[in-house]
Each structure stands twice: as C-alpha cells, then as structure tokens.
Amino acid sequence: MTKIVTPDPLRFAKGELILLDQRKIPEKKTYIRIKSAAAAAKAIKEMVVRGAPAIGIAAAYGMVLGRKNPLQSAKMLIEARPTAVNLKWAVDEMLKVKDRSFKSMLAKAGELEDENKKLCALIAEHGAKLIKKSSCVMTHCNAGPLATDGIGTALGVIFAARKRIDRVYIKETRPRLQGARLTAWELKQWKIPCVLISDGMAAHIMKTSKVDAVIVGADRIASNGDSANKIGTYDLAISAKYHNIPFYIAAPYSTIDFSARNEKDIKIEERDEKEMLFVGGKAISAPGVKALNPSFDVTPAALITAIITERGVIKKPSRKTMRRFYS
Ligand code: MRU
C-alpha cells in the first residue's frame, strides 16, 4: 500500500482515541486525547476530525470507548454530523459485535480502519486510469488522508495519477476553508503542483484555462447516484457540465446509503451561522446580519460523469448502474 507522508488524522493507543486537531492545520500539529464516546461525538461535531470516512473510523473507536452504553453512544455519535453516512455505517458495524468486551470492540474498530485504508487505495488505483497525460484537475474541500485515514478518495486518485498531472486547482471552500488549509497542505507535502482559487472562480477558470477533470469526494450517495458533498460541489458540477469537463465523485461503499432513494432522502447538516459571520474570531459582516450555513449540497446523478469506487468506475450513475455494481 502507498506510504502516506502526511500525519495520521487519528489513532487509538493505551485506551484513548488520539485525534490530530484539524482545526489548527496548517499552523500547528496538536493532538486531542479522547476518553469517552461523548468526547468523541463532540470532537466530530466541532470538526477536530472531519471528512466522511475519517469520522466513520473515529466513531468506531468512539464506540469502543462507549461500549458500556452502546445505544446511547451510538445515538450521540450518529447525531454528531447528520449528512456523512459513514458515521452511521461504522456505528452499525460496531453494534454488530456481540461480545461487547474492550478486546472484541477494539479488534472490530481496527478491522474497519484497515478495510477503509484498502478501499481508498483501490479507489485511487481505479480513478487514476481516468486521468490523461498533462492533465489539470480541479477539486473542492478536502478528500485526502486527513479526511479518510487512508490515501484519500478524490486526492487518492490525484496522488496515484500525479505523474500525469500538471496542476491541481484547489477551491478554498468557504466557510471552513478545508481546501485552502488542508488540501493545499497535503498536495504541498506530496509535491504535486497546485494553485488555490476562491470558490467563486471555478467557472471562470474552466472558461479561461485548461481544466481536464473535476474530482471530489462524497458524504452520502443515494441509491440513484445523487451525491452529497461539501457546499459548493453542486455549482462546480453545473459549471463542469456547461464547459464539457468530466465530473467525478470518488467514494467507498460505506458512503452509499442504499436506503436513500434519491437526494430528497439526504439530510443536509446546518451548521452555526458564526462560521459564516466570523473569520479568525473577527466579524466580517455588519452587526445583526444573519447568515445561512448548510454544510453540504447534493449533485444530481445526471451531472456526474462517473462514481469511482473500490469496485471500479460506475459510468453514468443511475439506480440501474449503481445496482449492477452493488448487488
Ligand atoms: O465538513 P467536512 O470537512 O467533513 O466535509 C468533508 C467533505 O465534504 C469531503 O469532501 C467528504 O467528506 C469526502 S472525504 C473523502
């Protein structure tokens, strides 16, 4: 498996879940030690750890810590972030462990973590085949090692295809700036040429520069292929369609919610308006101004060229093509 040069977003040692505090990256590397399921849920909600696959694995370890009250722990962890279905998937997997001993629960969480790393590696391998020589690609938010506890989904593809990539356009990703802070940091360490753009620049760059593909991750994919990802992904897909640029989603099966028929069944997380109104603790709008802060949007399957999964590439995602891959 590919060696990841960036620090792990999480690890479990001596009975504690240790989380890299992603809110502080790139300024500093600090770690938070988690000793209970409630503390794990709080860290997920406050985005110490974030990214759908990584919060799934953090929740699995949260269940190890909360094994004495499994149902209460499960509820707290699942409610911490409502859109990313990996959270529910991981918690449900942990609830299947019959013997709720520390040893068995820890072994199961470790299994999920190892499997997750393998899924990311397979996604990277399949997705890289879609990237042509001398490509310029665009991405949004952060779908790299920090978000996945593996090589990444969208960024895993970019890493695997790095020799054929001339430039990565990174959308900064307001309001929490995961693109500017995290994706740029990871690509720098991988020495992949990249340039930061503001969220509003994507269509202009597509029109005036060379963009060969857009690749992003996902937080929940409905059974018809409609895909929820960081707010601003839907605009990007519309712009890509207009400019005839392939638009790819990269995600493991744990991100697919087969109980969701389409985007109407995907709950969108609404976060505190303060994330919009303050930057670095400073107000950026007039006092009393209200702000909206939906954390995700849904890109309809019709705008998605393909979904890259561990099983291969689902071209023209639809209920039928999705079922063919996962039956
Ligand atoms: O709010 P975040 O930072 O958890 O949002 C993360 C994203 O939207 C990622 O693109 C998604 O989780 C896929 S991560 C492989």
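Let us look at the structure shown here.

What counts as what
Residues numbered from 1 in each chain as written. Predicted model: local features only at pLDDT ≥ 70, side-chain atom pairs only at ≥ 80, totals over all residues. Heavy atoms only, no water. Helix = DSSP H or I, 4+ residues; strand = E, 2+ residues; numbered from the N terminus. Rg over C-alpha atoms; globule rule 2.2 N^0.38 Å. Buried < 20%, exposed > 50% of the residue type's maximum accessible area, 1.4 Å probe, protein only. Contact = heavy atoms within 4.5 Å. Areas by Shrake-Rupley, 256 points an atom, 1.4 Å probe, with all protein chains shown as cover. Lys, Arg positive; Asp, Glu negative; His and termini not counted. Charge placed at Lys NZ, Arg CZ, Asp CG, Glu CD. Core = buried A, V, L, I, M, F, W, Y, C linked by side-chain atoms within 4.5 Å. Near = heavy atom within 4 Å. Polar contact = N/O pair within 3.5 Å; in protein donor to acceptor, adjacent residues only side chain to side chain. Nonpolar A, V, L, I, M, F, W, Y, C, P; charged D, E, K, R; others polar. Domains from an automatic or database assignment.

### Quick word on the overall build of the protein
So, step 1. Scanning the protein from N- to C-terminus turns up 12 helices and 16 strands.
So, step 2. Computed over C-alpha atoms, the radius of gyration of the protein comes to 19 Å, within 12% of the 20 Å expected from 2.2 N^0.38 for 327 residues, which places it in the range of a compact globule.
So, step 3. By its C-alpha atoms, the protein is 55 × 55 × 40 Å across when sized along the principal axes.
So, step 4. Within the span of the protein, comprising 327 residues, buried residues form 56% of the whole.
So, step 5. Across the protein, contacts joining residues at least 24 apart in sequence account for 75% of those joining residues at least 6 apart.
So, step 6. Summed over all atoms, the accessible surface of the protein reaches about 14600 Å², with 55% contributed by carbon and sulfur.
So, step 7. In the protein, the 56 positive side-chain charges and the 33 negative ones have mean positions that sit 3 Å from each other.

### Describing unusual backbone geometry
So, step 1. The linkage connecting isoleucine 25 with the following residue, proline 26, adopts the cis geometry, with an omega of 10°.
So, step 2. Topologically, proline 26 is positioned in the loop between strand S2 (16-20) and strand S3 (31-34).
So, step 3. One non-glycine residue with positive phi stands out, namely serine 134, at about 55°.
So, step 4. In this fold, serine 134 is placed in the loop between helix H5 (102-128) and strand S4 (135-139).

### Description of helix H4 (residues 85-95)
So, step 1. With 8 of 11 residues buried, H4 lies mostly within the body of the structure.
So, step 2. Residues Val85, Asn86, Leu87, Trp89, Ala90, Val91, Glu93 and Met94 constitute the buried set of H4.

### A word on the side chain of glutamate 113
So, step 1. When you line up the elements, glutamate 113 lands in helix H5.
So, step 2. Excluding residues within four positions of it along the chain, glutamate 113 makes contact with Leu10, Ile57, Tyr61 and Asp149.

### Structural notes on the nonpolar core
So, step 1. Ranked by size, the top nonpolar core spans 35 residues in total, and within it Leu17, Leu19 and Ile44 carry the most contacts.
So, step 2. Mapped onto this core, the elements with two or more residues apiece are strand S1 (10-13), S2, helix H1 (37-45), helix H2 (52-65), helix H3 (70-80), H4 and H5.
So, step 3. Here this core takes 11 residues from H2, the largest share from any one element.
So, step 4. Apart from residues lying up to four places away in sequence, leucine 17 is in contact with Leu10, Arg11, Phe12, Ile32, Arg33, Ile34, Ala40, Ala58, Tyr61 and Leu65.
So, step 5. Of all hydrophobic cores here, the second largest spans 27 residues; its members include Ile158, Ala161, Val168 and Ala250.

### Some details on the site of the ligand
So, step 1. Lining the immediate environment of the ligand, one finds 19 residues, of which Arg50, Arg81, Gln178, Asn229 and Lys230 sit closest.
So, step 2. Within the side chain of aspartate 219, a nitrogen or oxygen atom sits 3.0 Å from an oxygen atom of the ligand.
So, step 3. Of all elements in the fold, only H2, helix H6 (145-148) and strand S9 (227-230) reach the threshold of two or more residues within the shell around the ligand.
So, step 4. For the shell around the ligand, a count of residues per class yields 8 nonpolar, 7 polar and 4 charged.
So, step 5. Both domain 1 (10-121) and domain 2 (126-326) contribute no fewer than three residues apiece to the shell around the ligand.

### As for the side chain of threonine 173
So, step 1. Residue position: threonine 173 is located in the loop between strand S5 (165-171) and helix H8 (178-189).
So, step 2. If near-sequence neighbours (up to four positions away) are discounted, threonine 173 is found in contact with His140, Cys141, Gln178, Gly179, Asp199 and Lys230.

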